[in-house]
Each structure stands twice: as structure tokens, then as C-alpha cells.
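Residues per chain, in single letters:
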Amino acid sequence: MSFYKMLQEKFTWDRIKDFIYSRESIHVKNALSKPEKSAEDFATLLSPAAENLLEEMASTASKITRQRFGKTIKLYAPIYLSNECTNSCVYCGFNRKNDIERKTLSFSEIEKEATIISSQGIRHILLVSGESPNVVNMEYLKEAVNICRKYFSSISIEIYPLSEKNYYELYKEGVDGLTIYQETYNEKTYSQVHPAGKKRNYLWRLESPERGASAGIRTVGIGALMGLEDFRTEEFFVGMHADYLMKNYWKTHFTISFPRIRKAAGNFTPHQFISDKNLVQCMLALRIFKNDAGLVISTREPADFRDNILPLGVTQMSAGSKTEPGGYHNEKHTGEQFEVEDDRSVAEFVQSLKDKGFDPVNKDWDRAFLNTAS
Ligand code: SF4
């Protein structure tokens, strides 16, 4: 059964929301005591009632994380290839209607960015782009990947949804990671926040992680943009998606991100305020539910928050990020997707991880593995 069909048959939004808000402390204690967590247990851990048991959840999550991942934090950085976009996502600085400076990096500019980032020790790069298939087309993407192969051992993409055939072409070129957020799993809200452009196609986006995994991509990241919907219900659907993917694509490693809406051109006001406590609860619930999922926290979160959540479940973090095309080699910062909150340099962040007893991991993958597999 497809994930979409399963959602329609088993998990309607309103029913899950009612269930989450009906939970009490006794249900949370029961859920925590079980060795294997069901979907209902996971929903219970996301409930308001679970807020009173966050310390117990933190202790469980911390133990699982140490067992599965040790004290490692994988580092990565993004290169924004282009901020041109044909979509109008109401929450995004790259919305086609926003009056920002538009830019697509030339190949020599990509090389400049790659040189700077790799000189800081980063070996895992994330290539990001708006949806502008006429400009950032397959030929452009393949060349960008080719350039980055000289500098990085792992290359991920965070771009518009592709067909399985296109994902496979990029995989053959050297892409081993894909990040694609559903933004919101509530189909009605999805259509409201994506009023125009190709991104309106909910199903095409929802099934991108499956197409990527089928194409052989070894790490696939999913998530919802926190602030568009009731976050507890939203994260339940993120967890269900992760559960489905992990069961059906067992060769792929899945990661989950928790992006909160940040200040950006267009000045979108989130539909719901997500506190630090809210985000932490979601992260703990996900770690307890899906023990082996990677959990990602980017530089859109402030430095002190990132430092404080280190022991709880996070396994992957960006460092020294710029969110506009050319941001690493140009001093003038315009046309960014959102404002970065943690602006520490890679060296500062690495030192801070070491001071707290964590092992920053720059490289955990080599293309030689990909060649063997293909
Ligand atoms: S979220 Fe992506 S598709 Fe939507 S406007 Fe921003 S860059 Fe374009």
C-alpha cells in the first residue's frame, strides 16, 4: 500500500489530532514503559500531557542516542546554487513574488564556494536550489555535482522533486543524499501555503523520498516546516512517514529535520509559534519512536539552543552556513532564503563540540562505496 493511501485509510488528520489532545499522564507513562512503541504510543509522546514527563523522555532518548550513534555529530554545509524560483510558497524568502536580488551561481562561482567550504574542513555538502528547472536543469546539476566531487566525499541535494530516472542520473554522477521536506502533511493547508507553481502537487512531493530511495540514494531526509500547522499532529505524520520509509526502503538511511520558520523576505507570520520546549519534545518523541533515524538541527537554530540539545538525540548539524547564492565568497549578503541564527564559524562550532565531549564527524562516506554498489 502506498504511504498516501495508508494515510487516507488509517490516519485522518482530525482523528489523530483529537487522539493526541486526549492523552493523559498515565498514557504517557505506559507508552514510555513499553520496549517497542506503536503509532499510538508515539502520538502519546507528542501530546501536551507528555510535557510533564519531558525529563524522563530526555533520559530515554539520550540513552538510545548514545547506544546507536555514540557521541558523534555529523557536520555539513549548504551551497545555495540558485534563489530563482517559479513557486510562491508563502513562508519562503525565495517566493517568486518577493523583491530580492536573484542569482544562479556560475560554475566558477560554485568552485569558489566549494573551495572555501572545503578549506574549513567540511566534507559533506548540501546543494540547495529553488525550483527553476529552466535554469537549474539536469545538465546544470550534473556539472555542479562534478565540481563538488573534487572537494567533498558526500554530496546531497535539496532541490525540487525529480523523477526516479533523474534521481538515478544524479546518483550515478555522485549524489548520495537527498533532502525533501513535505512542509506540511495536512493536504488542505498544503494547498493554502502553496498558492501557485508546480509545488502545489502534494502527491508528487510526498512520494519524492520513495523515488530517491528507489534510485539508490543512500541517505534521505524528510521533515515538516514547523509553524504551518498544529505541530504535534504534524510531527506524528512525519514519524509515520519515517516509519513507512524505513520499513519499505531498508537499505536507505533516513533522517528527520525540525526546521522552524525564520524571518525572511515576505515577512510571513507562522500560523503557530513553536517554542524550544515544543521542538525538544518532538525530537525526543521521534528518537524514542524511531531509534535509528538521524536527527538534524541546522544553523537556523540559535547557538545556545543547539549546544543545549546536543545530548538529547541530534546526530547531524550544519555549520558556518550561508543561505544565499555566493554567500561564502561575497561579502554582501542579499537574497538569502532565511536568516541564520547560529553564525559561529565551522572552527568555532567544532571546538565547541569538542569542549562538550562530542566527536565532530566530517567524513563518514566515500564515493568508492558508491562505485562498488553500482
Ligand atoms: S520553498 Fe522552495 S519552492 Fe517554495 S518558494 Fe522557496 S525555494 Fe521556491
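In what follows, the structure referred to is the one given above.
From a predicted model like this one, the values you see are computed outputs, not experimental measurements.

On a plain count of helices and strands, the protein comes out with 16 helices and nine strands. Against the globule reference of 21 Å for 374 residues, the protein gives a C-alpha radius of gyration of 20 Å, in line with a compact fold. Along the longest, intermediate and shortest principal axes, the C-alpha atoms of the protein span 60 × 45 × 40 Å. Relative to all contacts within the protein whose residues are 6 or more apart in sequence, the contacts with residues 24 or more apart total 76%. Here the protein displays about 15300 Å² of accessible surface, and carbon together with sulfur accounts for 48% of that area. Across the protein, the mean location of the 49 positive side-chain charges is 3 Å away from that of the 50 negative side-chain charges.

The probe, sized like a water molecule, is rolled over the atoms to show the empty space still left. Computed from the structure, the largest pocket encloses a volume of approximately 560 Å³. In this structure, the largest pocket is lined by 25 residues; those nearest its centre are Glu36, Lys37, Ile288, Phe289 and Asn291. For the lining of the largest pocket, the secondary structure elements donating two or more residues are α1 (3-10), α5 (54-69), α12 (231-248) and α13 (276-289). Its residues assigned to classes, the lining of the largest pocket comprises 10 nonpolar, five polar and 10 charged.

Right, let's talk about the site of the ligand for a bit. Around the ligand, the structure places Cys85, Asn87, Cys89, Tyr91, Cys92, Phe94, Asn95, Gly130 and Lys199. Its residues placed into classes, the shell around the ligand shows five nonpolar, three polar and one charged.

With that settled, the discussion passes to helix α6 (residues 107-119). End to end, α6 covers 18 Å across 13 residues, agreeing with the expected 18 Å (1.5 Å per residue, within 8%). On its buried side, α6 packs onto β1 (72-82), β2 (124-129) and α7 (138-149). Phi for glycine 121, located one or two positions after α6, is positive at around 100°.

According to the stated counting rule, one finds 13 aromatic pairs in the structure shown. Between tyrosine 4 and tyrosine 202, the aromatic rings sit 6.0 Å apart at their centres with planes inclined by 55°, giving tilted as the arrangement. Pair noted here: tyrosine 4 is in helix α1 and tyrosine 202 is in helix α10 (residues 202-206), with a separation of 198 residues, a long-range link. Take tyrosine 4 and tyrosine 202: they sit in the same class, and that class is buried. One aromatic cluster is present, built from ring pairs that chain together Phe11, Trp13, Phe42, Phe236, Phe237 and Phe289. In this structure, arginine 211 is placed above the aromatic ring of tryptophan 204, and the distance from its NZ or CZ to the ring centre is 3.5 Å.

Looking at soluble globular proteins, one finds that nonpolar side chains tend to be buried together. Core analysis: the biggest nonpolar cluster contains 105 residues, and Leu127, Tyr185, Phe236 and Phe258 have the highest contact counts within it. Top element by residues in this core is α13. It accounts for nine residues. Filtering out sequence-adjacent residues up to four positions away, tyrosine 185 remains in contact with Phe3, Trp13, Tyr202, Leu206, Ile222, Gly223, Ala224, Glu234, Phe237, Val238 and His241. If you look at the next biggest cluster of nonpolar residues, it comprises 18 residues, including Val193, Leu228, Ala264 and Phe338.

Attention now goes to unusual backbone geometry. Positive phi, normally seen in glycine, also occurs at glutamate 183, with a value near 75°. The topology assignment puts glutamate 183 in the loop between β4 (175-179) and α9 (187-193). By relative accessible area, glutamate 183 is classed as buried at 8%. Positive phi, normally seen in glycine, also occurs at asparagine 267, with a value near 45°. For asparagine 267, a relative accessible area of 58% translates into the label exposed.

Cut-offs used in this document
Residues numbered from 1 in each chain as written. Predicted model: local features only at pLDDT ≥ 70, side-chain atom pairs only at ≥ 80, totals over all residues. Heavy atoms only, no water. Helix = DSSP H or I, 4+ residues; strand = E, 2+ residues; numbered from the N terminus. Rg over C-alpha atoms; globule rule 2.2 N^0.38 Å. Contact = heavy atoms within 4.5 Å. Areas by Shrake-Rupley, 256 points an atom, 1.4 Å probe, with all protein chains shown as cover. Lys, Arg positive; Asp, Glu negative; His and termini not counted. Charge placed at Lys NZ, Arg CZ, Asp CG, Glu CD. 1 Å grid on protein atoms, 1.4 Å probe; cavity = no way out; pocket = protein on both sides within 12 Å on 5 of 7 lines; lining within 4 Å. Points joined across faces, edges and corners; volume = space filled by probe spheres on them. Nonpolar A, V, L, I, M, F, W, Y, C, P; charged D, E, K, R; others polar. Near = heavy atom within 4 Å. Expected span 1.5 Å × (residues − 1). Phe/Tyr/Trp six-rings, centres within 6.5 Å; stacked < 30°, edge-to-face > 60°. Buried < 20%, exposed > 50% of the residue type's maximum accessible area, 1.4 Å probe, protein only. Lys NZ or Arg CZ within 6 Å of the ring centre and 35° of its normal. Core = buried A, V, L, I, M, F, W, Y, C linked by side-chain atoms within 4.5 Å.

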